Amino acid sequence: MSFDYGELRTTAKAIVQIPEHYRLAMEDNTRDEQERSFIWEDPGKDDCQIEIILDIETGQLINLNIDMEAKDLVDQDCSAEEVRAITDAFLANHTPDYDAFTWVNSEEKGNLQFITYREEVGGLPLPDTGCRMTLDSGLNVIRYQLEKSRRKAAPKPEWPGIIVDVETVRQQVLKDMRMELTIVALYPSMYEMEGTEPEYRLVYEPIPGHRLIDAITGVDLFGIKHYVMPSSLPITHMESDISDEPTIKDSATLEIELGIDPELYVLEKSKDDGERIKRLYKFRAEVAEDPESEALSVDAYMKRKWGDSLRNLEASFMIQVEKSTGRLVGFHRSQRKKEAAPSLTREQCWEKAEQFLQQVFPDYTSYLQIEVDQEDMDRQPREREFFYLPVYIGNIPVNHERVMVSVSTSTGKICVYMGVSYEMLRELEERNFLYPTLTAEKAFGLYSEYVRFRLRWFKDLEDEDLPVYRLLYEPITTRRNEFSLDAGCNPGLRYIDACNGELIWERR
């Protein structure tokens with residue numbers, strides 16, 4: 001099917017006023033040829049641009065994104081009605097079925113206004129419907145995103161005749177919940193806390209802290225295992241002649257240890273950011289200029305904007321070394337050609353991973369555990385085996401910190417290694433995190449006082465051909481004087497300090 005792209009370009013240029021000195025930097029089809037994307041840029045300023053995306057078949061506006069130099073605008077003292085009038089007018093011009101968007105939420109952050117429109121049933125918004133908009137201090141629309149799902153639309157649901165009593169749901173959720181110790185990095189920009197510097201704290205965290213309960217049946221939509229990390233076990237140190245001290249001292253030795261043959265690979269780029277040194281190596285035969293793409297195509301635009309980053313992804317090897325400790329914290333080996341059929345079992349791949357860890361992280365058994373496989377991992381052959389190793393200080397996990405190693409099942413070579421800061425591990429080990437003064441039972445009592453439940457619609461995509469909306473109960477935590485069951489994002493009670501019982505809330 002052929003389309004009049006000239007007409008689409010005319011439509012795009014009429015949506016907002018594009019400065020005369022802006023130049024068209026990209027025009028191409030995207031999203032599997034479903035949309036036409038346009039980007040105009042200020043030739044003198046890389047960060048000033050206007051992006052417009054239209055539906056190819058209908059010409060409807062899908063996305064608008066304006067990044068321009070801030071003008072000396074005087075903040076307008078406007079009412080919610082004035083903001084709504086502006087956004088309604090924009091929708092009337094660019095969204096034919098906007099009358100169906102009956103649920104509206106407005107938030108003000110800084111000098112920006114954020115407005116969300118949705119279809120609704122029973123007063124609750126439906127996911128994958130409506131749109132989001134952002135207005136600047138001059139009440140100009142600078143962002144517009146039509147929530148036009150790329151997946152199949154679900155039929156509009158009806159409000160159920162009977163739902164489970166909320167107290168029944170509350171009792172079940174609290175019965176299934178436990179408080180676990182963890183070490184977390186707290187940042188003042190993310191959490192309400194004293195001081196202006198990030199700090200590590202020993203806290204209790206609710207497990208599971210999130211649930212989705214079917215409001216009609218009272219049954220969890222996914223089961224508890226869906227919300228928790230897999231269990232892990234300590235690692236028994238394999239026998240080896242390698243000492244517990246790092247043997248990698250300089251870049252030449254590191255290259256040899258990692259299989260980077262200087263006869264075959266050339267160091268293309270080295271970067272020092274003060275904390276880590278990053279090196280990129282490329283196969284000598286591949287060091288050449290890429291062919292030119294059509295000037296306004298997506299490929300050409302990405303090459304102009306992010307050429308260096310894209311070349312980084314194409315590197316044969318990438319390594320990252322922590323400067324303060326000399327430890328390897330990142331490694332990536334690119335696949336240059338299709339490998340042979342898998343021949344190694346998962347157990348054999350783990351032996352290769354352990355040998356690698358002994359080289360780059362000799363005392364790994366002191367800080368890492370290994371996640372327990374949740375299923376029979378040898379049932380189907382895979383090109384890669386992945387091993388996840390959460391970080392522990394003593395017997396306490398460090399929240400969101402883990403090592404990952406992937407191994408080729410045909411060659412036994414390490415494909416990817418994602419490590420952690422060894423300087424961080426040494427710092428945490430020096431702290432006295434092992435002796436909480438608050439019990440788990442006391443922490444649970446404090447946390448449970450703030451647990452509330454709200455209803456919301458959830459788009460169930462388990463059957464991609466027949467998606468459906470389900471009405472769910474979702475637990476949230478709110479302060480008593482800020483109790484709200486709105487479907488928007490509320491700051492929640494995230495942790496409880498295990499030493500002083502302080503409640504640690506997320507910032508808005």
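It should be noted that the structure appears before, not after, this text.
All values derive from a computational prediction rather than experimental measurement.

Caption draft 1: Main features of the packing of aromatic side chains. This structure, assessed with the given rule, holds 14 aromatic pairs. Taking 5.4 Å as the distance between ring centres and 55° as the angle between the ring planes, the aromatic pair formed by Phe90 and Tyr144 counts as tilted. In this pair, Phe90 is assigned in helix 2 (residues 80-94) and Tyr144 in strand 10 (residues 141-146), connecting sequence segments 54 residues apart. Comparing Phe90 with Tyr144 shows no difference in burial state: the two are buried. Ring centres of Tyr367 and Tyr422 lie 6.1 Å apart, and the angle between their planes is 85°; this geometry places the pair in the edge-to-face category. Note that Tyr367 is positioned in helix 7 (residues 364-367) and Tyr422 in helix 8 (residues 422-430), a separation of 55 residues in sequence. An aromatic cluster is present here, built from Tyr265, Phe317, Phe331, Phe356 and Tyr417 joined pairwise through their rings. Cation over ring: Lys109 sits above Phe114, and NZ or CZ is 5.9 Å from the ring centre. Above the ring of Trp505, the side-chain terminus of Arg479 is found at 4.4 Å from the ring centroid.

Caption draft 2: Fine view of the nonpolar core. Counting 71 residues, the largest nonpolar core has Ile183, Leu328, Phe331, Phe361, Leu389, Val405 and Tyr417 as its most contacted members. Of all the elements, helix 6 (residues 346-360) adds the most residues to this core, at six residues. Every residue in contact with Tyr417, bar those within four places of it in the chain, is listed here: Leu328, Val329, Gly330, Phe331, Phe356, Leu357, Val360, Phe361, Val403, Met404 and Val405. Counting 32 residues, the second largest nonpolar core, distinct from the first, contains Tyr117, Cys131, Met133 and Ile142.

Caption draft 3: Examining helix 9 (residues 440-448) more closely. Among all positions of helix 9, only Ala443, Tyr447 and Ser448 are buried. The buried residues of helix 9 all sit within an arc of 125° when viewed along its axis, so they share a single face. Buried-residue contacts for helix 9 involve helix 3 (166-176), strand 11 (178-186), strand 12 (199-207), strand 23 (451-460), strand 24 (468-477) and strand 25 (493-497).

Caption draft 4: Molecular detail of the environment of Glu7. Examined against the element boundaries, Glu7 turns out to sit in helix 1 (residues 5-13). The exposed category is assigned to Glu7, whose relative accessible area is 52%. For Glu7 and Gly59, which are 52 residues apart along the polypeptide, the C-alpha to C-alpha distance reads 8.8 Å.

Caption draft 5: Looking closely at helix 8. Listing the buried residues of helix 8 in full gives Tyr422, Met424, Leu425 and Leu428. Around the axis of helix 8, the buried residues are gathered within 150° of arc, so they sit on the same side. The inward-facing, buried residues of helix 8 abut strand 11, strand 12, strand 17 (317-322), helix 7, strand 20 (384-393) and strand 21 (396-408). The residue sitting at the N-terminus of helix 8 and contributing the capping side-chain oxygen is Ser421; that oxygen lies 3.3 Å from the backbone nitrogen of Glu423.

Caption draft 6: Here's a closer look at the sheet that holds strand 1 (residues 23-30). A sheet is described by the order of its strands in space; here eight strands give the open sequence 1-2-3-4-10-9-6-5, paired in antiparallel fashion. The open sheet has two free edges, formed respectively by strand 1 and strand 5 (103-109), since each of these has just one partner strand. Sheet twist, expressed as the average angle between the axes of neighbouring strands with direction ignored, equals 15°. Sheet analysis places strand 2 (residues 35-42) next to strand 3 (residues 45-55), joined by eight bridges and oriented antiparallel. Its bridge partner being in strand 3, Asp42 is matched across the sheet by Lys45. Here helix 1 sits on the sheet in contact with strand 1, strand 2 and strand 3, set at roughly 50° to strand 2.

Caption draft 7: Layout of the pairing of strand 9 (residues 131-135). Burial analysis of strand 9 places four of its five residues in the buried class, the great majority of the element. Judged from the five bridges that link them, strand 6 (residues 112-118) and strand 9 form a sheet pairing that is antiparallel. Along strand 9, the bridge assignment pairs Phe114 with Thr134. As consecutive antiparallel partners, strand 9 and strand 10 are separated by five residues, and within that stretch Leu139 has a phi angle of approximately 65°, a positive value.

Caption draft 8: Structural view of the side chain of Asp55. Turning to its location among the elements, Asp55 is positioned in strand 3. In contact with Asp55, other than residues within four places in its own chain, are Leu8, Gln34, Gln60, Ile62 and Lys148.

Caption draft 9: Broad picture of the pattern of salt bridges. All chains considered together, the criterion is met by 24 salt bridges. Between Arg143 and Asp67 there is a salt bridge; the shortest N-O distance is 2.9 Å. A residue pair is termed long-range when its members are at least 10 positions apart, and Arg143 in strand 10 and Asp67 in strand 4 (residues 61-67) qualify at 76 residues. Residue Arg143 is classed as partly exposed on the basis of its relative accessible area of 28%.

Caption draft 10: Quick look at the pairing of strand 15 (residues 265-272). Relative to strand 16 (residues 276-283), strand 15 is paired through seven bridges, and the arrangement is antiparallel. Bridging from a neighbouring strand, Tyr265 pairs with Phe283 of strand 16. Connecting strand 15 to the antiparallel partner strand 16 that follows it, the hairpin turn spans three residues, and Gly274 within it adopts a positive phi of roughly 100°.

Caption draft 11: Here's a closer look at the sheet that holds strand 23. What the three strands build is an open sheet, ordered 13-24-23; its pairing is antiparallel. Only two strands of the sheet have a single neighbouring strand rather than two, namely strand 13 (213-214) and strand 23. Sheet analysis places strand 13 next to strand 24, joined by two bridges and oriented antiparallel. Looking across to strand 24, one finds that Ile213 is bridged to Tyr473.

Thresholds applied
In this numbering scheme, every chain counts its residues from 1 along its sequence in written order. At least 70 in pLDDT is required for a residue's local features to be given in this predicted model, at least 80 for side-chain atom pairs to be given and counted, and no such filter applies to totals for whole chains, interfaces and linings, which use all residues. Water and hydrogen atoms play no part in the side-chain values, which are based on all heavy atoms of the structure. A pair of Phe, Tyr and Trp rings is counted when the ring centres sit within 6.5 Å of each other, with Trp represented by its six-membered ring. The angle between the planes then sorts it: under 30 degrees is stacked, over 60 is edge-to-face, the rest tilted. A run of H or I in DSSP becomes a helix once it reaches four residues, and a run of E becomes a strand once it reaches two; helices and strands are each numbered from the N terminus. Exposure categories follow from relative accessible area, calculated using a 1.4 Å probe and restricted to protein chains: below 20% of the type maximum is buried, above 50% is exposed, and the middle band is partly exposed. Whether a charge lies above a ring is judged from NZ of Lys or CZ of Arg, which has to be within 6 Å of the ring centre and within 35 degrees of the ring normal. Think of a nonpolar core as a cluster: buried Ala, Val, Leu, Ile, Met, Phe, Trp, Tyr and Cys residues, connected wherever their side-chain atoms sit within 4.5 Å. Here, two residues are considered to be in contact whenever any of their heavy atoms come within 4.5 Å of each other. When we speak of the arc, we mean the arc of directions from the helix axis to the C-beta atoms. Pairs of N or O atoms within 3.5 Å make up the polar contacts considered here, provided that, within protein, one atom can donate a hydrogen while the other can accept it, and that residues adjacent in sequence are counted only when both atoms are side-chain atoms. By this definition, two strands are paired if DSSP reports at least two bridges between them. The axes used here are C-alpha line fits, helices contributing only the stretch in contact, and every angle between their N-to-C directions lies in the interval 0 to 180 degrees. Each reported salt bridge corresponds to a side-chain nitrogen of Lys or Arg within 4 Å of a carboxyl oxygen of Asp or Glu.

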